[in-house]
Amino acid sequence: MKKALVLSGGGARGAYHVGVIAALVELGWMEDGRGPDILAGTSIGAINAAALASGLTVSQLRSAWMRMHTEDVHRLSDDLPPVVRPLMRFLLRGVLTSAAHGGVSDELPPAEREQSAQSLLGRLGELFRARPFRSLLDTTPWRRTLAGWMKFDRVNSPDAPALLIAATELQSGALQIFCNRPFHGRPADQIGMDHLMASSSIPVVYPWTSLGEGKYWDGAVLANTPLDPVIDLAGDEEVEIIVVMMTPWSATADTAGIAELPQDLPQALTLTLDWALLASYRVAFELLEQRNRLAEAVARLREAGIEPPGPAPRPIAMPIVIAPERPMPLDWIVDYEEANHERLFAQGRADALRALQGRLAPAVVGG
């Protein structure tokens, strides 16, 4: 039986993946520095999956996260006109500077304090219409940071696990799956930094990424947890799938609500992203349930001596979902601080052990 690990998007909350991965190694479900047979991910999930495909051990991945701060991920975009940069730096203060580098001021820039809301919005509108604009933030620092994590020669070698990376084609809205194995009649992609950035290019927040003739946004726009590609890649082989999410999950749509309303622009954007990511997986989960119901119906027809036309879907074991029991604070999605990373490492490990209790084979759990 093949094993597949699917890692969802979620920004700085991706440290949660590391705790889950530690538990999976501890339980013997996957080999440290090797990974399972198939890795799939979107956004930060694609980055952590590629790090596993690069051969990083749990200890190495944990160390990489602990060395990372906000300034190592993004900075204010050069697309913004100079005259509005002080205001945008204030509005986005919570996502631009880490405590490790002195934090940020809560004071509005002096040049903006005396302006009325109407004049300010009018001025912003004129400026943004007057010049090209792609994103609020620039991810050049992220590229430099991740270059120290990845070993793309290994990612693209036969020794690495199969790696699936989800992105959204900007001009068509189509889901694009990049894979280091032949997939859907296409030759294997040579996975590189641009594939990771494409999967992580949050619309408007980060710039789109060009790959060949295509331009790509974050895969979470369409598939935060790419289940179907994993099933397709597994082919006729049985596959055990573990999905790691960073929002509470219930198959009956009764997830717990947030404790407080958004307090600023980044928090509002974060909450919007949270619900979009959850809805994306719910659609994938329901499609898999429908597939299994159809497979069961076909099997019953055959038992009754009736052969249905066309190929019958193969039933797939429902994924094991590892997710937090309660919503994470909205700020955690942009909090690249050591304390938050440590907290997420511990929570991911604890949630994994709780979710997997009694779910894995005794020999695996005992290992």
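Residues numbered from 1 in each chain as written. Predicted model: local features only at pLDDT ≥ 70, side-chain atom pairs only at ≥ 80, totals over all residues. Heavy atoms only, no water.

### Quick look at the overall build of the protein chain
And then number 1: Per the secondary structure count, the protein chain includes 12 helices and 10 strands.
And then number 2: Within the protein chain, contacts between residues separated by at least 24 positions form 76% of all contacts whose residues are at least 6 apart in sequence.
And then number 3: Total accessible area on the protein chain stands at roughly 16700 Å², and carbon and sulfur atoms take up 54% of it. (Helix = DSSP H or I, 4+ residues; strand = E, 2+ residues; numbered from the N terminus. Contact = heavy atoms within 4.5 Å. Areas by Shrake-Rupley, 256 points an atom, 1.4 Å probe, with all protein chains shown as cover.)

### Examining the pairing of strand β9 (residues 239–244)
Regular strands place side chains that alternate from one sheet face to the opposite one.
And then number 1: Counting buried residues along β9, 6 of its 6 residues qualify, which places the element largely inside the surrounding structure.
And then number 2: Burial along β9 is two-sided: the residues V239, I241 and V243 and E240, I242 and V244 are all buried.
And then number 3: Summarising the sheet, strand β1 (residues 2–7) and β9 pair through 6 bridges and their orientation is parallel. Across the sheet, the residue bridging to L7 is V244, located in β9.
And then number 4: Where β9 and strand β10 (residues 320–322) come together, 3 bridges link them in parallel fashion. The partner of V243 across the bridge, within β10, is V321. (Buried < 20%, exposed > 50% of the residue type's maximum accessible area, 1.4 Å probe, protein only. Pairing = 2+ DSSP bridges.)

### Things to note about the pattern of salt bridges
And then number 1: Using the criterion set out here, one finds 11 salt bridges in the structure.
And then number 2: E238 is the partner of R314 in a salt bridge, and the nearest nitrogen-oxygen pair spans 3.9 Å. Here R314 is found in the loop between α10 (265–303) and β10, whereas its partner E238 is found in the loop between α9 (227–234) and β9, with 76 residues between them in sequence.
And then number 3: Linking R302 and E307 is a salt bridge whose minimum nitrogen-to-oxygen distance equals 3.0 Å.
And then number 4: One salt-bridge network, in which partners are shared between bridges, spans E325, D351 and R354. (Salt bridge = Lys/Arg side-chain N within 4 Å of Asp/Glu carboxyl O.)

### Some thoughts on the nonpolar core
And then number 1: Residues L5, L61, W65, W149, M150, L163 and I242 are the most contacted members of the largest nonpolar core, which totals 65 residues.
And then number 2: The element best represented in this core is helix α2 (residues 44–53), accounting for 8 residues.
And then number 3: When neighbours within four sequence positions are excluded, L5 is seen to be in contact with I21, L24, W29, M30, P36, I38, L39, A40, L52, I242 and V244.
And then number 4: Grouped together as the second largest cluster of nonpolar side chains are 27 residues, V239, V243, L278 and F285 included. (Core = buried A, V, L, I, M, F, W, Y, C linked by side-chain atoms within 4.5 Å.)

### Comments concerning a nonpolar patch on the surface
And then number 1: A cluster of nonpolar side chains, contributed by L175, V221 and L222, occupies part of the molecular surface with about 230 Å² of accessible area.
And then number 2: Summarising the element assignment, L175 is placed in strand β6 (residues 175–179). (Patch = residues over 30% accessible without salt bridge, like charges linked within 9 Å, V, L, I, M, F, W, Y side chains within 5 Å.)

### A few points about the packing of aromatic side chains
Here a ring pair, both rings aromatic, is described through the centre-centre distance and the interplanar angle of the planes.
And then number 1: With the rule as written, the count across this model stands at 5 aromatic pairs.
And then number 2: Considering the side-chain rings of F178 and Y216, the 5.4 Å spacing of their centres and the 75 degrees angle between planes classify their relative orientation as edge-to-face. One end of the pair, F178, is in strand β6; the other, Y216, is in strand β8 (residues 214–218), and 38 residues separate them in sequence.
And then number 3: Judged by its relative accessible area of 8%, Y216 is buried.
And then number 4: Through a chain of ring-to-ring contacts, the aromatic side chains of W65, W142, W149 and Y336 assemble into a single cluster. (Phe/Tyr/Trp six-rings, centres within 6.5 Å; stacked < 30°, edge-to-face > 60°.)

### Structural notes on the packing of helix α1 (residues 15–26) against helix α3 (residues 58–66)
And then number 1: For the pair α1 and α3, interaxial distance at closest approach is 10 Å and the crossing angle is 165 degrees. Here α3 runs roughly antiparallel to α1, going by the angle between their axes. Classified by chirality, the crossing of α3 by α1 is left-handed. Of the residues in α3, those touching α1 at A15, V18, I21, A22 and V25 are V58, L61, R62 and W65.
And then number 2: Residue composition of the contact of α1 with α3, by class: 8 nonpolar, no polar and 1 charged. (Axes fitted to C-alpha atoms, helices over the stretch in contact; angles between N-to-C directions. Parallel < 35°, antiparallel > 145°, perpendicular 65-115°, else oblique. Left-handed = near helix turned anticlockwise from the far one by under 90°. Nonpolar A, V, L, I, M, F, W, Y, C, P; charged D, E, K, R; others polar.)

The quantities given are spatial measurements derived from coordinates; they are silent on function.
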